[in-house]
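Geometric and topological summary
One-letter residues, chain by chain:
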Amino acid sequence: MNKNYLIEVCAANIQSAIAAQQSGAKRIELCDNLYEGGTTPSYATIKIAREKLDIGLNVMIRPRGSDFCYSDMEFEIMKEDILICKELDVDGVVFGILLPDGNIDTERTKQLVGFARPMNITFHRAFDVTPDPFKALEDIIDLGIDRILTAGQKNTVSEGKYLIKQIIEKAGDRIIIIPGSGINEKNIKEIRDLTGAKEFHLTGRKTVQSKMEYRKEGIYFGGLIQIPEYEINITDTDKIIKIVNLVNEP
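Bear in mind the structure is a predicted one, so any value in this text is a computation, not a measurement.

What counts and what doesn't
- Residues numbered from 1 in each chain as written.
- Predicted model: local features only at pLDDT ≥ 70, side-chain atom pairs only at ≥ 80, totals over all residues.
- Heavy atoms only, no water.
- Helix = DSSP H or I, 4+ residues; strand = E, 2+ residues; numbered from the N terminus.
- Rg over C-alpha atoms; globule rule 2.2 N^0.38 Å.
- Buried < 20%, exposed > 50% of the residue type's maximum accessible area, 1.4 Å probe, protein only.
- Contact = heavy atoms within 4.5 Å.
- Areas by Shrake-Rupley, 256 points an atom, 1.4 Å probe, with all protein chains shown as cover.
- Lys, Arg positive; Asp, Glu negative; His and termini not counted.
- Charge placed at Lys NZ, Arg CZ, Asp CG, Glu CD.
- Arc of directions from axis to C-beta.
- Phe/Tyr/Trp six-rings, centres within 6.5 Å; stacked < 30°, edge-to-face > 60°.
- Lys NZ or Arg CZ within 6 Å of the ring centre and 35° of its normal.
- Pairing = 2+ DSSP bridges.
- Axes fitted to C-alpha atoms, helices over the stretch in contact; angles between N-to-C directions.

What follows covers the overall build of the chain. Each helix and strand in the chain was counted, giving eight helices and ten strands. Taken over C-alpha atoms, the radius of gyration comes to 18 Å for the chain, in line with the 18 Å a tight globule of 250 residues would show. Burial analysis of the chain (250 residues in total) assigns 50% to the buried set. In the chain, once contacts between residues fewer than 6 apart in sequence are set aside, the share between residues at least 24 apart is 68%. Just so you have it, the chain exposes about 12,300 Å², and 51% of that area is on carbon and sulfur atoms. Taking the 32 positively charged and 38 negatively charged side chains of the chain as two groups, their mean positions are separated by 5 Å.

Okay, structure coming up:
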């Protein structure tokens, strides 16, 4: 059995990143705003994470939530954020840019790749909303990107596992395909065995209550009632330890 499976934990705060490292994760994807699918964290968050972490640190480069078709100004922000990551000795960056027709924006992505090197690069789940995953795969490979994060063009890897398997087979040794979204201790071995993946992306999070004793009910700063104002999501060390152990079992 391969003992070199890599668990990457998506962490939206410093305490989660540190907990993931202590639990056996080998890489962190650091981001903010998980409710929007992840955006670029603050300068201070990146800086302190780099100081506290010995494992790989990849940073989300995404100026806002919603789609992946960016304005010229948003594109400039992405380039500046990549340069900041390089200055802070981050190991890698995570980004994705699409054209209005849903295909990979190869011209702009190529520019970002140039800005990012020698850091490693992950093309994130913008891949999952392209019209043709196999064309997108070839475009991303041609751009020299190191890995693709995907749920198989579905909401979770359990739904998209058969396409993930096909993508991994098609990719061969040309690029790393990392399944992510909905991986947990119940399905990690199934996803490993079915897809043939060697790296896995997950949050492994739990919800803890805010320390606020006084709570003003009925006010939602995110504008959506379903986003809780007095709960915090952090990495669950027990979950990560269990997943790390499970993925390396026969």
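So, about helix α4 (residues 106-116). Of the positions making up α4, those classed as buried are Arg-108, Thr-109, Leu-112, Val-113 and Ala-116. The buried side chains of α4 occupy one side of the element, clustering within an arc of 145° when seen end-on. Projecting away from the buried face of α4 at angles above 90 degrees are the exposed residues Glu-107, Lys-110 and Gly-114.

To continue, consider the packing of aromatic side chains. Evaluated as defined, the whole model comprises one aromatic pair. Positioned above the aromatic ring of Phe-75, the side-chain terminus of Arg-108 is 4.8 Å from the ring centre.

One open sheet accounts for eight strands, arranged β7-β6-β5-β4-β3-β2-β1-β8; its pairing is parallel. The open sheet has two free edges, formed respectively by β7 (176-179) and β8 (199-202), since each of these has just one partner strand. If you compare each strand with its neighbour and ignore which way they point, the axes differ by 25° on average. Relative to β7, strand β6 (residues 147-150) runs parallel, the two being bridged by four bridges. Considered in β7, the bridge of Ile-148 is made with Ile-177.

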